[in-house]
Amino acid sequence: MEKVKCLILGGGPAGFTAAIYAARANLSPVVYEGIQPGGQLTTTTIVENFPGFPGGVDANTLMDKMREQAKSFGADVRSGTATAADLSHRPFKVVIDGETEIEAQTLIIATGAQARYLGLPSEEKFKGAGVSACATCDGFFYRKRTVAVVGGGDTACEDALYLASLAKKVYMIVRRDVFRASKIMQEKVFSTPNIEVLWNCNTQEVLGDEMGVTGARLLRKDGTVFDIAIDGFFLAIGHTPASELFAPYLERDAAGYIVTKPGSSETGVPGVYAAGDVQDPHYRQAITAAASGCMAARDAEKFLLEQGN
Ligand code: NDP
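All values derive from a computational prediction rather than experimental measurement.

**A look at the packing of aromatic side chains**
Taken as a whole, this structure holds five aromatic pairs when the rule is applied. Ring plane angle 80 degrees and centroid distance 5.5 Å describe the contact between Tyr142 and Phe234, whose orientation is recorded as edge-to-face. Remark: Phe234 occurs in strand β17 (residues 232-235) and Tyr142 occurs in the loop between α4 (135-138) and β11 (146-150); sequence separation between them is 92 residues. Through successive ring pairs, a cluster of aromatic residues spans Phe179, Phe190 and Trp199. For Arg24, the ring lying beneath its charged end belongs to Phe73, and the centroid distance is 4.7 Å. For Lys127, the ring lying beneath its charged end belongs to Tyr117, and the centroid distance is 3.9 Å.

**Overview of the domain arrangement of the protein**
What the domain assignment reports for the protein is domain 1 (2-114 + 239-307) and domain 2 (117-235). Summarising the inter-unit geometry, the C-alpha centres of domain 1 and domain 2 are found 31 Å apart. Domain 1 puts seven residues into the contact, and the matching count from domain 2 is six residues. A combined buried area of about 590 Å² lies between domain 1 and domain 2, and 41% of that area is made up of carbon and sulfur atoms. At the surface where domain 1 touches domain 2, the tally comes to one residue pair in polar contact (both at pLDDT 80 or more). Residues belonging to the side of domain 1 that touches domain 2 are distributed by class as follows: one nonpolar, four polar and two charged.

**Observations concerning the pairing of strand β7 (residues 92-96)**
Within β7, four of the five residues are buried, leaving the element largely enclosed by the surrounding structure. By the bridge criterion, four bridges tie strand β6 (residues 82-86) to β7 in an arrangement that is antiparallel. Each bridged residue has a counterpart across the sheet, and for Ala82 the counterpart in β7 is Ile96. Between β6 and β7, which follow one another and run antiparallel, lie five residues. Between β7 and strand β8 (residues 100-109), which pair antiparallel one after the other, the connecting turn spans three residues, and Asp97 there sits at a positive phi close to 50 degrees.

Rules used throughout
Residues numbered from 1 in each chain as written. Predicted model: local features only at pLDDT ≥ 70, side-chain atom pairs only at ≥ 80, totals over all residues. Heavy atoms only, no water. Phe/Tyr/Trp six-rings, centres within 6.5 Å; stacked < 30°, edge-to-face > 60°. Helix = DSSP H or I, 4+ residues; strand = E, 2+ residues; numbered from the N terminus. Lys NZ or Arg CZ within 6 Å of the ring centre and 35° of its normal. Domains from an automatic or database assignment. Contact = heavy atoms within 4.5 Å. Buried area = accessible area lost by both parts, 1.4 Å probe. Polar contact = N/O pair within 3.5 Å; in protein donor to acceptor, adjacent residues only side chain to side chain. Nonpolar A, V, L, I, M, F, W, Y, C, P; charged D, E, K, R; others polar. Buried < 20%, exposed > 50% of the residue type's maximum accessible area, 1.4 Å probe, protein only. Pairing = 2+ DSSP bridges.

Here is the structure:
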């Protein structure tokens, strides 16, 4: 069985930032990237809000550079997904792809979260061509255009408000006749003239052509089917953190996010840290994920020093 000082699960901004810091602290980190190398960020195209890149940076390029930077300090970056974990005692045992067993003195979980989609074939077809689950990433491309946001929670309202500041018109497609969002967010939505809420509506199909999204076909609860003309279709129906594997050992909130001690990356198990979207239901930005990856590596370093190894 391979023994490592610091095992990092996840190859997004959190995982690679943790790897950069851990490698520079001589923790010889091993990073497993998982099924989506580069993480969720690579589902977008241009990242315009990551500091240091006036004019924006291609998401894949940004992640390639983070990976390269981690490797340059000696991080061992591999592809593979954790399929089993035993965190009941140290060293922690993690199995990769059902076969490779690793014993880790410290574990940084940066496995991210997946945005939920409706599951329509037409939605899948136009992903990256008008269908997006990240308004902050892609909203800018819809200046003075018409978009729709699906969902009625705080994220949907926040996304709709953000998009309304750029777009000509924003539809909100809400499946019930009420929002789930907090009152304050609802009030903001209601007082924004270019947001129109379509209550009791479900999306039947995302419409489009070879250029991308052109509309959506909606089914209202009363049985009416109608089309809206839109250029962008944004999903805001929640995220699913990739934390299931650790459920027997770590505290998670009702939505599955790993609970960390406020102001740190510590979980309830000494030596196990969580960083990035797997522990962040609120911010979910590349920069906040990167920052929490840094925290996790520093926390792991301090823990190993205290343990005398
Ligand atoms: P939520 O789970 O709160 O809301 C999801 C929304 O999507 C609900 O309106 C839900 O409808 C709808 N939905 C779910 N599945 C479907 C579907 N298949 N088709 C259509 N609609 C669907 O998720 P959020 O991401 O909005 O929020 C997550 C957490 O983060 C919450 O605790 C929220 O308060 C918090 N948050 C806080 C913010 C803030 O304070 N500014 C900003 C963003 C998030 P239904 O209501 O019918 O179930």
